[in-house]
Number of protein chains: 2
Amino acid sequence: MYKAPVEEIAFTLKHVAGMGEAMSSGLFGDLGEDLVEAILSEAGRFATEEVAPLAEIGDRQGARLVDGEVRLPDGWRDLYRNWIAGGWNGLTAPEAFGGQALPDMLNVAALEMWNSGSMAFALAPTLTMGAIEAVYTHGSAALKETYLEKMVSGEWTGTMNLTEPHAGSDLGALKARAERRPDGSYRIFGQKIFITWGEHDAADNIIHLVLARLPDAPAGTRGISLFLVPKFLVNDDGSLGPRNDLFCHSLEHKLGIHGSPTCTMIYGDGRFGGDKGAIGWVVGEENKGLACMFTMMNNARLAVGMQGVAIAEAATQKALAYAKERTQGRAPGSTGAGMSPIIDHPDIARTLLTMKALTQGSRAISYACAHAIDMSRRAGEASRHWQERAALLTPIAKSFSTDAGVEVASLGIQVHGGMGFIEETGAARYLRDARIAPIYEGTNGIQAIDLVTRKLPLSGGDQVMGFIGELKAIAEAVGRSNLDGFGETAARLAVAIADLDAATAWLLAALADGRAAEALAGATPYQRLFGLVLTGCYLAKGALAEGGDGKGGGRIALCRFAAENLLAETAALRDRVVNGAASLAAARILLA
Amino acid sequence: MYKAPVEEIAFTLKHVAGMGEAMSSGLFGDLGEDLVEAILSEAGRFATEEVAPLAEIGDRQGARLVDGEVRLPDGWRDLYRNWIAGGWNGLTAPEAFGGQALPDMLNVAALEMWNSGSMAFALAPTLTMGAIEAVYTHGSAALKETYLEKMVSGEWTGTMNLTEPHAGSDLGALKARAERRPDGSYRIFGQKIFITWGEHDAADNIIHLVLARLPDAPAGTRGISLFLVPKFLVNDDGSLGPRNDLFCHSLEHKLGIHGSPTCTMIYGDGRFGGDKGAIGWVVGEENKGLACMFTMMNNARLAVGMQGVAIAEAATQKALAYAKERTQGRAPGSTGAGMSPIIDHPDIARTLLTMKALTQGSRAISYACAHAIDMSRRAGEASRHWQERAALLTPIAKSFSTDAGVEVASLGIQVHGGMGFIEETGAARYLRDARIAPIYEGTNGIQAIDLVTRKLPLSGGDQVMGFIGELKAIAEAVGRSNLDGFGETAARLAVAIADLDAATAWLLAALADGRAAEALAGATPYQRLFGLVLTGCYLAKGALAEGGDGKGGGRIALCRFAAENLLAETAALRDRVVNGAASLAAARILLA
């Protein structure tokens with residue numbers, strides 16, 4: 001059973017991701033170590049004791065559509081109620097609407113733990129938090145007044161309605177339409193698919209944020225507007241009014257996250273009588289809906305990255321426990337009488353260490369991304385730098401962590417042998433749940449396009465090159481350290497960073513030359529290359545902070561394992577970026 | 001929907017895996033091209049038109065245990081009856097018992113197609129064929145006389161009963177017991193788990209091969225005997241007699257292969273009255289059960305490898321079709337008006353080409369393994385050489401193909417985007433089904449141990465070094481060829497083969513020095529290294545055979561893509577083998 005790794009999380013926040021410096025320089029206000037520890041401990045307790053025990057029933061029962069209503073799995077309604085009663089929904093939300101305005105880093109750490117407990121459950125607050133951010137940043141005063149407090153408390157949940165059957169990655173193709181009404185409201189019509197927690201029975205109201213097109217809107221993404229469309233209209237006194245013209249038509253039958261209702265939503269078909277059209281209000285300006293979406297995209301993508309970290313952590317814990325207990329065969333060097341615990345077999349040890357390194361690496365990348373988001377809001381003149389850093393880290397955090405979630409969950413099944421394939425064991429659920437994360441909120445291929453074409457050119461390439469410079473400093477610090485046990489780490493890191501450096505320079509040159517197809521051919525290998533290098537460097541940063549006194553988490557040993565067993569892949573990845581495009585282009589005849 | 005790639009399969013058999021030479025040198029008797037083509041075409045038709053359409057219902061309904069009887073999914077009983085009516089079960093079986101004694105290569109190619117159609121369905125004949133081989137090779141004349149004809153026709157199916165809760169990879173730990181009876185029969189008692197097709201309603205009888213221990217047996221694997229234990233006893237006239245004392249206690253609830261009943265079998269609890277103990281007969285000698293198992297292990301492991309190839313092929317076909325049809329965004333260089341087919345986006349093209357290369361590579365490796373098995377039975381003085389070659393290739397075929405099955409199926413989901421996560425799309429089933437193949441019939445970690453510790457030392461290392469020499473000759477032939485389009489293939493292959501060469505030499509030296517733990521630490525990376533090199537070399541062999549006339553399958557382009565985009569990984573894998581053990585050993589403190 002999952003146990004929240006509170007100490008590991010606290011260490012990574014403080015020593016690797018930058019929370020320590022931010023706190024000591026006063027950027028996080030009067031937030032003290034005691035409060036951080038208290039929040040993490042209590043979040044960990046809730047995730048471990050309340051959320052995780054309900055994950056399996058959520059998977060088995062799934063969300064069910066009964067007579068047009070969505071029923072959550074047994075116990076989930078109370079779980080959600082208890083969760084909001086703990087005040088968790090408003091951790092980072094503005095104080096004016098009842099939130100605690102704490103740094104995103106803390107929220108992301110807590111999100112990791114909710115997701116480890118049950119990814120399907122944690123999706124509800126993930127979506128609500130995104131909706132809060134969109135309304136707070138772009139909504140009118142009236143919208144904020146009417147909706148935010150209940151959303152911050154979690155009494156009302158939020159959704160994002162983007163996808164339509166023919167518009168997934170390409171939002172420009174969407175067809176949902178909106179009509180202006182004289183009273184300043186709008187009527188929304190259309191069908192949206194894949195709407196997470198689009199309907200359920202745990203909250204009194206559901207606030208849908210819906211992308212749609214006005215009749216006179218320009219074609220493509222410049223003609224999209226964002227609307228707030230509540231399930232129940234809200235009276236002037238704040239009480240709930242009549243049902244709005246929208247409903248959940250069906251639920252998807254999915255590979256994983258069964259407890260999370262994935263809804264097809266129908267807007268404006270007049271099912272509840274009266275005039276057709278779901279009543280909504282524009283969020284931000286007309287035709288600027290995509291800009292509103294982009295505001296929250298960093299956070300939403302990072303939140304999905306946390307799902308990858310979370311599954312990797314939970315799957316690693318499970319595999320580790322099994323490998324210590326299960327005995328088979330005799331490991332080399334075994335001196336005992338009977339069979340060895342399988343953890344003593346070198347191949348199993350390699351697998352588990354790989355799982356640990358990927359988990360801790362993706363955690364550090366994701367927390368560093370959250371740190372950059374926090375800094376972008378608090379660092380004064382340096383805000384723009386941190387905004388760029390957050391923008392640069394976001395696609396890497398999203399893609400590397402979600403790929404790690406799938407890979408680690410799959411390795412976790414393998415460690416369990418035949419038992420891993422049996423659903424009751426629980427290892428398979430991690431793979432089923434994890435598999436969506438590289439897809440939604442922008443597929444990892446889309447992340448790679450974003451990384452290469454939009455993020456590398458930030459500040460003319462200075463942002464990424466400056467970051468690489470910081471990574472070199474970490475490798476040099478390892479080289480200067482007198483800590484035992486680093487082995488070849490310093491040299492390995494230096495080579496890996498040089499691979500990143502070379503691939504980055506090549507891509508920037510290709511983009512400058514207008515060779516977009518060549519650059520894009522290597523986008524996914526480049527994205528992984530970046531994530532691997534960051535994994536090595538962040539593990540090293542943690543190892544340097546922990547030191548070599550033998551206490552602590554064995555960080556030097558894990559860092560060395562990653563440096564000497566995982567990082568050599570960077571050469572192949574650089575090669576694919578720099579040399580791969582020609583053969584890819586030539587082989588397209590096979591795809592005709 | 002899957003369509004059997006009959007031409008691709010025939011080409012690979014003939015030009016890559018060695019069937020062409022074997023036929024022209026008369027080793028396959030009077031087997032002619034026409035017959036090969038007819039068999040492959042008809043097998044392909046049956047897999048495409050009869051098996052594949054019933055895969056989804058098999059997945060959805062699964063096998064069900066009702067009142068102690070296992071009911072197959074709707075339509076599967078008739079499907080099985082039609083399949084045996086086609087004579088497919090006896091393709092390679094001995095003619096004396098009604099088989100056709102055709103080469104294993106053909107059977108393996110057909111198995112690929114059945115498995116692409118439905119892996120859960122194809123497991124039934126896979127197990128029966130293994131049981132036929134064990135009885136034919138080791139059984140007494142009386143056992144053969146009584147059982148083989150019906151097993152060869154498929155009227156009776158076969159099973160392998162190895163695993164017990166505490167004995168999976170380690171068969172020495174098994175506890176099922178056998179007692180001798182004065183009439184020469186035995187009584188079997190015990191529980192077996194994970195018994196594939198252990199009970200079902202499609203065959204008149206089920207012949208269980210069961211590993212158990214005699215009371216006076218030595219401890220460990222030297223005290224295991226193999227018994228034939230029929231579900232229904234067989235009368236002297238060949239008619240079915242009373243029910244034997246064994247039954248299916250429960251079915252597993254699994255991640256995939258839902259249509260295949262995975263049974264817990266109970267032997268000897270007296271449920272059907274009379275004396276307790278399931279009646280059985282020893283196959284081979286007492287206490288030599290493991291040797292009997294080893295006889296069929298090459299074939300069984302290769303058969304599981306075919307499942308990997310099969311899923312990879314089916315998943316690739318599905319993703320390719322979707323990527324041609326689905327439009328999103330504008331690909332670089334797109335000149336059309338609307339959205340581009342996603343196949344035009346470089347990242348999707350890279351994904352699909354990777355899927356194709358892994359599929360064709362694992363197919364070629366597996367067919368080459370089947371070729372070696374065939375040659376080991378027909379090549380006269382060279383039989384021992386081919387036996388070693390088969391032994392060497394088996395763990396690679398099993399592990400590389402099953403890993404490819406999982407990887408390609410997962411990539412296939414990714415190509416489908418959000419639709420890939422929806423069960424009705426069918427892409428997710430491939431991943432769920434594929435995930436067992438790296439586990440059963442010896443986990444891929446066990447395959448790696450086998451490859452390094454038992455197969456590399458064959459003929460004092462001469463077998464593997466001779467094989468590497470053959471691979472070098474392929475790389476040199478690419479270098480000498482005047483065929484356009486090979487790009488850097490020759491140089492890339494040479495480097496990859498040099499990596500394999502160096503890693504092999506290092507492992508042989510480590511084994512000779514008694515550094516088993518160090519050698520085993522790199523066993524899995526080495527196994528993948530070998531598979532990748534073989535992929536490159538076999539794609540090159542096919543490309544050389546096809547030539548560069550622009551007709552055919554674009555093999556030169558695919559080979560170049562693999563050489564320039566996939567093979568660079570070999571340097572990292574060699575590095576892990578040669579340099580990875582120290583940091584792995586040091587990091588074990590993390591696993592305490």
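Per an unreviewed UniProt entry, chain A carries the name Acyl-CoA dehydrogenase and comes from Rhizobium binae. The UniProt entry for chain A carries the following comment under Cofactor (unreviewed entry): "FAD". Database annotation for chain A, UniProt heading Sequence similarities (unreviewed entry): "Belongs to the acyl-CoA dehydrogenase family."

Undergrad: Please clarify how the overall build of chain A should be interpreted in this entry.
TA: Per the secondary structure count, chain A includes 20 helices and twelve strands. Taking 2.2 N^0.38 as the reference for a compact globule, 592 residues should give roughly 25 Å; the C-alpha atoms of chain A span a radius of gyration of 24 Å, in line with that estimate. For chain A, the spread of C-alpha atoms along the principal axes amounts to about 80 × 60 × 60 Å. Here chain A holds 592 residues, and the buried ones make up 63% of them.

Undergrad: Can you walk me through unusual backbone geometry in this structure?
TA: Keep in mind that most residues, glycine aside, have a negative phi and that most peptide bonds are trans. Of note in the backbone geometry, A:Asp67 takes a positive phi value of approximately 50 degrees without being a glycine. Within the secondary structure, A:Asp67 sits in the loop between strand E1 (64–66) and strand E2 (69–71). According to the relative accessible area criterion, A:Asp67 is exposed, its value standing at 76%. Even without being glycine, B:Phe194 reaches a positive phi, approximately 60 degrees. Among the secondary structure elements, B:Phe194 is positioned in strand E5 (residues 186–196). What makes B:Phe194 partly exposed here is its relative accessible area of 22%.

Undergrad: Explain the packing of aromatic side chains to me, please; I cannot follow it from the model alone.
TA: How two aromatic rings sit relative to each other is set out by the distance from centre to centre and by the angle between their planes. Residues and elements named next belong to chain B. By the definition in use, this model includes 25 aromatic pairs over all chains. Judged by centre distance (5.8 Å) and plane angle (80 degrees), the ring pair of Tyr526 and Phe530 falls under edge-to-face. Placement of the pair is Tyr526 and Phe530 together in helix H17 (residues 523–546), with a separation of four residues, close to one helical turn. Given a relative accessible area of 0%, Phe530 falls into the buried group. Between the NZ or CZ atom of Arg271 and the centre of the ring of Phe247, over which it lies, the distance is 3.7 Å.

Undergrad: How should helix H10 (residues 346–378) of chain A be read in this particular structure?
TA: For an α-helix the count is 3.6 residues per turn, leaving residues at separations of three or four pointing the same way. Residue and element names in this part refer to chain A. Look at H10: 47 Å from first C-alpha to last across 33 residues, which is about the 48 Å you get at 1.5 Å a residue. For H10, the buried fraction is high: 31 of the 33 residues fall into the buried class. Backbone geometry just downstream of H10 places Gly380 in the positive-phi region, at approximately 60 degrees.

Undergrad: Sorry, what's going on with the interface of chain A and chain B here?
TA: Interface extent is often summarised as the accessible area lost during association of the parts. With 87 residues of chain A in contact, the opposing surface of chain B contributes 87 residues. In total, about 7,200 Å² of surface goes out of reach between chain A and chain B, with carbon and sulfur atoms giving 61% of it. The three residues of chain A that bury the most area against chain B are A:Phe421, A:Leu590 and A:Leu591, which together make up 11% of that side's buried surface. Remark: the boundary between chain A and chain B carries two salt bridges. Of the charged contacts, one joins A:Asp575 and B:Arg492 as a salt bridge, the two residues approaching to 2.5 Å between their closest N and O atoms. Here chain A and chain B share 40 residue pairs in polar contact (both at pLDDT 80 or more) between them. Class assignment of the residues belonging to the side of chain A that touches chain B gives a composition of 43 nonpolar, 23 polar and 21 charged.

Undergrad: What is the right way to look at the nonpolar core in this model?
TA: Side chains of nonpolar character tend, in soluble globular proteins, to be buried together. Residues A:Trp114, A:Leu352, A:Tyr526, B:Trp114, B:Leu352 and B:Tyr526 are the most contacted members of the largest nonpolar core, which totals 371 residues. If sequence neighbours within four positions are ignored, A:Leu352 has contacts with A:Ala319, A:Leu320, A:Ala323, A:Ile343, A:Val415 and B:Leu591.

Undergrad: I would appreciate a short explanation of the relation of the copies chain A and chain B in the present structure.
TA: Two copies of one chain are present, and they are related through a rotation about an axis combined with an axial shift. Aligned on chain B, chain A shows an RMSD of 0.0 Å; the corresponding rotation is 180 degrees and the shift along the axis is 0.0 Å. Put plainly, the chains are arranged around a two-fold axis. For chain A, the residue whose C-alpha comes nearest the rotation axis is A:Glu569, separated from it by 3.2 Å. The overlap is high: 100% of the interface residues of chain A also sit at the interface in chain B, so the same surface is used on both sides.

Undergrad: Can you walk me through the side chain of A:Thr264 in this structure?
TA: All names here are of chain A. Inspection of the secondary structure assignment puts Thr264 in strand E11 (residues 262–267). For Thr264, a relative accessible area of 5% corresponds to the buried category. Those residues in contact with Thr264 that lie beyond four places of it in its chain are Gln191, Lys192, Ile193, Phe247, Cys248, His249, Ser250 and Glu252.

Undergrad: Mind showing me how you'd approach the state of the cysteines here?
TA: What is meant by a disulfide is a covalent connection between two cysteines, made through their sulfur atoms. One pass over the structure, following the stated rule, counts zero disulfides over all chains. Not engaged in a disulfide, the cysteine A:Cys248 finds its nearest cysteine sulfur in A:Cys263; these two sulfurs lie 3.7 Å apart.

Undergrad: Explain empty space enclosed by the protein here, please?
TA: The method is simple in principle: a probe with the dimensions of a water molecule rolls over the atoms, and the space it marks as empty is what remains. Under the definition given, this model contains six cavities of 30 Å³ or more. There is about 90 Å³ of room inside the largest cavity. B:Glu8, B:Thr12, B:Val16, B:Gln360, B:Arg363, B:Ala364, B:Tyr538, B:Leu539, B:Gly542, B:Arg555 and B:Leu558 are the residues that line the largest cavity. Residue assignment for the lining of the largest cavity shows that the elements contributing at least two residues are helix H1 (6–16), helix H10 (346–378), H17 and helix H18 (555–565) of chain B. Split into classes, the residues belonging to the lining of the largest cavity amount to five nonpolar, three polar and three charged. The computed volume of the second largest cavity comes to approximately 70 Å³. Forming the walls of the second largest cavity are A:Glu8, A:Phe11, A:Thr12, A:Val16, A:Gln360, A:Ala364, A:Tyr538, A:Leu539, A:Gly542 and A:Arg555. Residue assignment for the lining of the second largest cavity shows that the elements contributing at least two residues are helix H1 (6–16), H10 and helix H17 (523–546) of chain A. Here the element with the most residues in the lining of the second largest cavity is H1(A); it accounts for four residues. Of the residues belonging to the lining of the second largest cavity, the class tally is five nonpolar, three polar and two charged.

Undergrad: Would you explain H1(B) in this entry?
TA: Residue and element names in this part refer to chain B. Buried within H1 are the following residues: Val6, Glu8, Ile9, Phe11, Thr12, Leu13 and Val16. Tucked into the core, H1 has its buried residues touching helix H2 (19–24), helix H3 (33–51), helix H6 (104–117), H10, H17 and H18. One or two positions beyond H1, positive phi appears at Gly18, with a value near 110 degrees.

Undergrad: What is the right way to read the pairing of strand E7 (residues 225–230) of chain A from this model?
TA: For a regular strand, the rule is simple: side chains alternate between the two faces of the sheet. All names here are of chain A. Most of E7 sits out of view: six of its six residues are buried. Burial along E7 is two-sided: Ser225, Phe227 and Val229 and Leu226, Leu228 and Pro230, pointing in opposite directions, are all buried. Alignment of strand E6 (residues 205–212) against E7, held across six bridges, turns out to be antiparallel. Bridging from a neighbouring strand, Leu209 pairs with Leu228 of E7. By the bridge criterion, three bridges tie E7 to strand E12 (residues 278–283) in an arrangement that is antiparallel. Bridge pairing links Leu226 to Val283 in E12.

Undergrad: Mind showing me how you'd approach the pattern of salt bridges here?
TA: A side chain of one charge can pair with a side chain of the opposite charge when the charged atoms of the two come close. Evaluated as defined, the whole model comprises 64 salt bridges over all chains. One salt bridge connects A:Asp204 with A:Arg81, and the closest N-O pair in it is separated by 3.2 Å. One end of the pair, A:Asp204, is in the loop between strand E5 (186–196) and E6; the other, A:Arg81, is in helix H5 (residues 76–85), and 123 residues separate them in sequence. Salt-bridge contacts for B:Arg560 lead to B:Glu564; the nearest nitrogen and oxygen are separated by 2.9 Å. You can see B:Arg560 and its partner B:Glu564 sitting in helix H18, four residues apart, about one turn around the helix. Residue B:Arg560 is classed as buried on the basis of its relative accessible area, which comes to 16%. In the salt-bridge network here, residues are joined through shared partners; they are A:Glu42, A:Arg45, A:Glu49 and A:Glu50.

What counts, and at which threshold
One numbering rule holds for all chains: residues counted from 1, following each sequence as written. By the order in which they are written, chains take letters starting at A while ligands take numbers starting at 1. Side-chain atom pairs in this predicted model are given and counted only at pLDDT of 80 or more, local residue features only at pLDDT of at least 70, and totals for whole chains, interfaces and linings cover all residues. Computation of side-chain values: all heavy atoms of the structure, hydrogens and water removed. UniProt positions are given in the numbering used here, feature names are shortened, and annotations may be inferred rather than shown by experiment. Only runs of H or I of at least four residues qualify as helices and only runs of E of at least two qualify as strands under DSSP, and these elements are numbered from the N terminus. As a reference, a globule follows 2.2 Å times the number of residues to the power 0.38, and the radius of gyration itself is taken over C-alpha atoms. For every residue, the accessible area (1.4 Å probe, protein chains only) is compared with the maximum for its type, and the residue is labelled buried under 20%, exposed over 50%, or partly exposed between those bounds. The aromatic pairing rule takes the rings of Phe, Tyr and Trp, using the six-membered ring of Trp, and pairs them if the centres are within 6.5 Å, calling planes under 30 degrees apart stacked, those over 60 edge-to-face and the rest tilted. Charges are assigned to positions over rings by a cutoff of 6 Å between ring centre and Lys NZ or Arg CZ, combined with an angular limit of 35 degrees from the ring normal. Take the number of residues in a helix, subtract one, and multiply by 1.5 Å to get its expected span. Here a residue-residue contact requires only that any non-hydrogen atoms of the pair lie within 4.5 Å. Using a 1.4 Å probe, buried area is obtained as the accessible area two parts lose upon being combined, added over both of them. Here, a salt bridge means any side-chain nitrogen of Lys or Arg that lies within 4 Å of a carboxyl oxygen of Asp or Glu. Throughout this description, a polar contact denotes any pair of N or O atoms lying within 3.5 Å of each other; where both atoms belong to protein, one of them has to be capable of donating a hydrogen while the other can accept it, and for residues adjacent in sequence the pair is counted only when both atoms sit in side chains. Three classes are used, and their members are as follows: Ala, Val, Leu, Ile, Met, Phe, Trp, Tyr, Cys and Pro are nonpolar, Asp, Glu, Lys and Arg are charged, and the others, Gly among them, are polar. In this description, a nonpolar core means a group of buried Ala, Val, Leu, Ile, Met, Phe, Trp, Tyr and Cys residues linked to one another through side-chain atoms lying within 4.5 Å. To superpose the copies, least squares is applied to the C-alpha atoms of every residue with a pLDDT of at least 70 in both. Throughout, a disulfide means two cysteine sulfur atoms within 2.5 Å of one another. Points on a 1 Å grid, built from protein atoms alone, make a cavity when a 1.4 Å probe fits but cannot get out and make a pocket when they are open with protein on both sides within 12 Å along at least 5 of 7 lines; residues with an atom within 4 Å of a point are the lining residues. Grid points are joined across faces, edges and corners, and a volume is the space filled by probe spheres set on the points. Note: two strands are recorded as paired if DSSP finds a minimum of 2 bridges between them.

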